[in-house]
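Examination of the molecular architecture
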Amino acid sequence: MEKILYNGKFITLENDIMVSALLIRDDRIAALGTFEEMEQQAPPGTPHLDLQGHTVLPGIVDSHNHIIAAGVALGGVLLFGASTIDEACQRIRDKADSLPAGAWLQGAGWIESQFKENRPLSLAEMDAAAPRNPLILHRLFGGSLANSLALERAGISRGSGQPQRGEIVRDSSGNPTGYLKNGAQNLVSKVIPLTSAVGDPLQSDQEAIIRACTEYIKHGITTILEPGVSPRGMRAYQMTRQAGKLPLRVAMMPAWHGLYATMDDELDHLVPTLGVTEGFGDEWLRFAALKMAVDGGVGSKTAMMNEPWIDGSRTTIPLRLDLDKLESYFLEGDRAGWSIGIHCCGDLAQDIACRTFARVCETLGGKRRHHIIHGYFPTPEALDLMAKHDIGVSVQPGFIYVEGDIYEEHLSQEKVHTFKPLKTYLKHGIRVFANSDMTSAHYNPFLGIYSAVTRRTSQGLQLGESECVPVDTALQLFIKNGAWYCGLEDSVGSLKAGKQADLAVLDRDILSIPSEEIKNLKVIRTFVAGKEVYQAD
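Residues numbered from 1 in each chain as written. Predicted model: local features only at pLDDT ≥ 70, side-chain atom pairs only at ≥ 80, totals over all residues. Heavy atoms only, no water.

**Description of the overall build of the protein chain**
- Of regular secondary structure, the protein chain possesses 16 helices and 23 strands.
- Relative to its length of 537 residues, the protein chain is compact, with a C-alpha radius of gyration of 23 Å against a globular reference of 24 Å.
- With respect to the principal axes defined by its C-alpha atoms, the protein chain has extents near 80 × 55 × 45 Å.
- Put simply, the protein chain has 537 residues, and 57% of those count as buried. (Helix = DSSP H or I, 4+ residues; strand = E, 2+ residues; numbered from the N terminus. Rg over C-alpha atoms; globule rule 2.2 N^0.38 Å. Buried < 20%, exposed > 50% of the residue type's maximum accessible area, 1.4 Å probe, protein only.)

If you want it as structure tokens, here you go:
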């Protein structure tokens, strides 16, 4: 149960230490150093693995990834990287042709700015691509596209009324275009039979978990935090773990007040009375903080902003919860033993959340790991409050790459160039956890690291060079800080004796290649708990 990995470049993320060899004993790192030092500590005949000079990272921690939704999308059609409407339609057509007539087809990973045509797919294009199947394509944030069969099954027609907290987009004649915003998405989502081949929703969730995690391991991801897990999702994770089929480590953030703009919250009154708290579980499956939400996003102009959008319109009304109750929610969760993470994209939303966190910390002593999720545009006030009360921020640099091209349509250039200001947060001594937010951005961690280092969009725009961070800093944010966010800093997140032997072996050296090549890095081996679970062809 011992092995030596040698002739590698191990980036430990421990005080800039790099070593060339590592000894694994059972599921843990036993020692690090030179090959000769590892041989001295290992029994005679211990197996050796020559890494042939490749760079090795600690297993990557994606500390904001919607695994179950990602698993559903991976079983359908992903539109990340499709540069034209025709390419997107071909992907849909290829998948639809493999399905029986009438079967639902779900997709994700698109925004209009990625297409050469700079628009969403039309209803006619979706109908032509999937003529026999109801189709729904989830936008990167705040909307979905549905074809005619999906609209019909959801009962959406010319005479349909507008849903609460949402919009059925219509053409000049009053007919639905297939574009559904916010709460309107639920009209379709609730009629999709989220079941597996055996007709069991829990089995369907387990299949989605396994499908997504199996894909993530190919990218060196060994630990994930899933935000906003429902009771059914929690049970699915537990059943997957009990069956011995959970291939990586998962921390769960239970859904709480305001999380879903598209459905009723299931845990609003349950969580504080469960009798368990944040941290319950082990290194494979555990509870993290509660997940809440206030506003929407930039692309849909639903983020709560202090100033008007560039077209003069304003968004100050919270999309998701009653702000008069926010402090009571924070107090309730904190007193029950939970940290709280709250979705805030707009600067107004972040100001309100930070002021409220500050009052709660002053009242209760600030013992929790409270944090802002997204934190697009921190004001000086928010930065000061976050630094004073150790309020962290969970950021997704990959948003710059996948949707940054649309921001100048809604924001001033100053706002665009200070979007997700990693360097500013770090200068203020604020804890920063970087992650993907799949399915709102691609799960490839090197795309996110590339975005943090270069701040370039998929179309090549550069969004504020002053907020770029060095590669070694990005690795800390994506891996070591992410482990802290999951509550697993003593087990994963760096290469250190006693920690879990979770490793990602890269095809090139991330510290020496040109920054433009970071997004193209590949993982050639992945180890979880000392076992090699993936090797590239």
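So, next bit.
**Considering the pattern of salt bridges**
- Summed over all chains, the structure comprises 25 salt bridges.
- A salt bridge links E327 to R359; the nearest nitrogen and oxygen atoms lie 2.9 Å apart. Pair noted here: E327 is in helix α9 (residues 326-335) and R359 is in helix α10 (residues 347-364), with a separation of 32 residues, a long-range link.
- Using a relative accessible area of 26% as the deciding quantity, one classes E327 as partly exposed.
- Judged by relative accessible area, R359 falls into the partly exposed class, the value being 37%.
- In this structure, the salt-bridge partner of R456 is E516, at a minimum N-O distance of 3.8 Å. Linking R456 in the loop between α15 (445-454) and α16 (471-486) with E516 in the loop between β21 (503-506) and β22 (523-528), this pair joins segments that are 60 residues apart in sequence.
- In this structure E516 comes out as partly exposed when scored by relative accessible area, which is 36%. (Salt bridge = Lys/Arg side-chain N within 4 Å of Asp/Glu carboxyl O.)

**Focus on the sheet that holds strand β15 (residues 285-287)**
- Ordered in space as β6-β13-β14-β15, the four strands form an open sheet in which the pairing is parallel. Among the strands making up the open sheet, the edge pair consists of β6 (60-62) and β15. Neighbouring strand axes in the sheet, compared pairwise and without regard to direction, differ in orientation by 15° on average.
- Relative to β15, strand β14 (residues 249-254) is paired through three bridges, and the arrangement is parallel. Its bridge partner lying in β15, M252 is registered against F287. (Pairing = 2+ DSSP bridges. Axes fitted to C-alpha atoms, helices over the stretch in contact; angles between N-to-C directions.)

**Here we look at the packing of aromatic side chains**
- Within the structure shown, the criterion is met by 15 aromatic pairs.
- When the centroid spacing of 6.2 Å and the interplanar angle of 55° are considered together, the rings of W110 and Y179 count as tilted. Highlighted residues: W110 in strand β8 (residues 105-110) and Y179 in strand β12 (residues 176-182), separated in sequence by 69 residues.
- On the accessibility criterion, Y179 (13% relative accessible area) is buried.
- Taken together, a centroid distance of 4.6 Å and an interplanar angle of 50° make the contact between Y407 and F419 tilted. (Phe/Tyr/Trp six-rings, centres within 6.5 Å; stacked < 30°, edge-to-face > 60°.)

In short, geometric facts, not functional conclusions.
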